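# Summary of structural features
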Amino acid sequence: DTGVSQDPRHKITKRGQNVTFRCDPISEHNRLYWYRQTLGQGPEFLTYFQNEAQLEKSRLLSDRFSAERPKGSFSTLEIQRTEQGDSAMYLCASSFTGDPHNEQFFGPGTRLTVL
Amino acid sequence: AQKVTQAQTEISVVEKEDVTLDCVYETRDTTYYLFWYKQPPSGELVFLIRRNSFDEQNEISGRYSWNFQKSTSSFNFTITASQVVDSAVYFCALSSMNRDDKIIFGKGTRLHILP
């Protein structure tokens, strides 16, 4: 296993379109986190899963955003009716609760541009 | 609430100079972790260090060193003999087990190393 992967790496879309991103965590990692990073800012927490259960959602996650992790492995983040303000880097991270340090490993991110 | 403040938005130094990046954090948790990440122009987050709240020993790794002081809630990062390849955005961050290890990032410091 080579680490957390995200697909696509870049996405350009027109305002109003729906987009979906995928994150494949490190195998056996039971926690998966989504963060968003806008230009000039640090990453901000969006939501996280423990196995298939979505345990917390940030207030940043509007109704247009939905995340799933159906089998407790990969996760998808969908944005409906995209807006220009959704343009950002979307980062995924995974961790294993059996690790005493609970270290999060980050993926390379998906950079979204909404025109 | 948890918060990480990186007061320096942007720093420029000439190659081979030493540079210190400041980080001040706020948390009411007694057990927490502090991090530093590097984000080069490619956009990936590169993990540099994690420190737990019970370990105030300073750490040195090559040209990098970290000074953790609980008394002032600071976790500063020094690069000695800077190199052009050190140019990047550096993020200080905080997490705690009580909050499901969500990572709270500062806004980052953009470091320019001039040849």
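Residues numbered from 1 in each chain as written. Chains lettered and ligands numbered in written order. Predicted model: local features only at pLDDT ≥ 70, side-chain atom pairs only at ≥ 80, totals over all residues. Heavy atoms only, no water.

Time to look at the confidence of the model for chain B. For chain B, the mean per-residue pLDDT works out to 93, and 100% of the residues sit at or above 70. Taking the mean pLDDT of every element in chain B, the minimum, 89, falls on strand 7 (residues 59-61) of chain B and the maximum, 98, on strand 3 (residues 19-21) of chain B. (pLDDT = per-residue confidence, 0-100. Helix = DSSP H or I, 4+ residues; strand = E, 2+ residues; numbered from the N terminus.)

With that settled, the discussion passes to the state of the cysteines. Counting across every chain of the model gives 2 disulfides over all chains. Across the disulfide from A:Cys23 sits A:Cys92; the S-S distance is 1.8 Å. Of note, the bridge from A:Cys23 to A:Cys92 carries an S-S torsion of about -65 degrees and is left-handed in sense. In this pair, A:Cys23 is assigned in strand 3 (residues 19-24) and A:Cys92 in strand 9 (residues 88-95), connecting sequence segments 69 residues apart. For A:Cys23, a relative accessible area of 0% puts it in the buried group. Each sulfur in the disulfide pair B:Cys23 and B:Cys92 lies 1.9 Å from the other. Judged by the sign of its S-S torsion, about -65 degrees, the cystine formed by B:Cys23 and B:Cys92 is left-handed. In this pair, B:Cys23 is assigned in the loop between strand 3 and strand 4 (24-26) and B:Cys92 in strand 10 (residues 88-95), connecting sequence segments 69 residues apart. (Disulfide = S-S within 2.5 Å. Buried < 20%, exposed > 50% of the residue type's maximum accessible area, 1.4 Å probe, protein only.)

Residue and element names in this part refer to chain A. Reading across from one edge, 1-3-8-7 is the order of the 4 strands in this open sheet, with antiparallel pairing throughout. The sheet is open, and its two edges are formed by strand 1 (5-7) and strand 7 (65-68), each paired on a single side. Recorded for the sheet is a direction-independent mean angle of 15 degrees between the axes of neighbouring strands. As paired elements, strand 3 and strand 8 (residues 75-79) share 5 bridges and run antiparallel to each other. (Pairing = 2+ DSSP bridges. Axes fitted to C-alpha atoms, helices over the stretch in contact; angles between N-to-C directions.)

For the rest of this paragraph, the subject is the layout of surface pockets. Reported here for the largest pocket is a volume of approximately 600 Å³. Lining the largest pocket are 24 residues; nearest its centre among them are A:Pro43, A:Glu44, B:Gln2, B:Ile104 and B:Phe105. Broken down by secondary-structure element, the contributors of at least two residues to the lining of the largest pocket are strand 5 (44-50) of chain A together with strand 1 (3-5) and strand 11 (104-105) of chain B. Per-element tally for the lining of the largest pocket: the top contributor is strand 1 of chain B, with 3 residues. Across the lining of the largest pocket, the residue classes break down as 8 nonpolar, 10 polar and 6 charged. One number sums up the size of the second largest pocket: a volume of about 510 Å³. Around the second largest pocket, the lining is made up of 27 residues, and of these A:Gln37, A:Leu39, A:Gly40, B:Gln39 and B:Arg110 lie nearest the centre. Taken together, the residues that form the lining of the second largest pocket break down as 10 nonpolar, 13 polar and 4 charged. (1 Å grid on protein atoms, 1.4 Å probe; cavity = no way out; pocket = protein on both sides within 12 Å on 5 of 7 lines; lining within 4 Å. Points joined across faces, edges and corners; volume = space filled by probe spheres on them. Nonpolar A, V, L, I, M, F, W, Y, C, P; charged D, E, K, R; others polar.)

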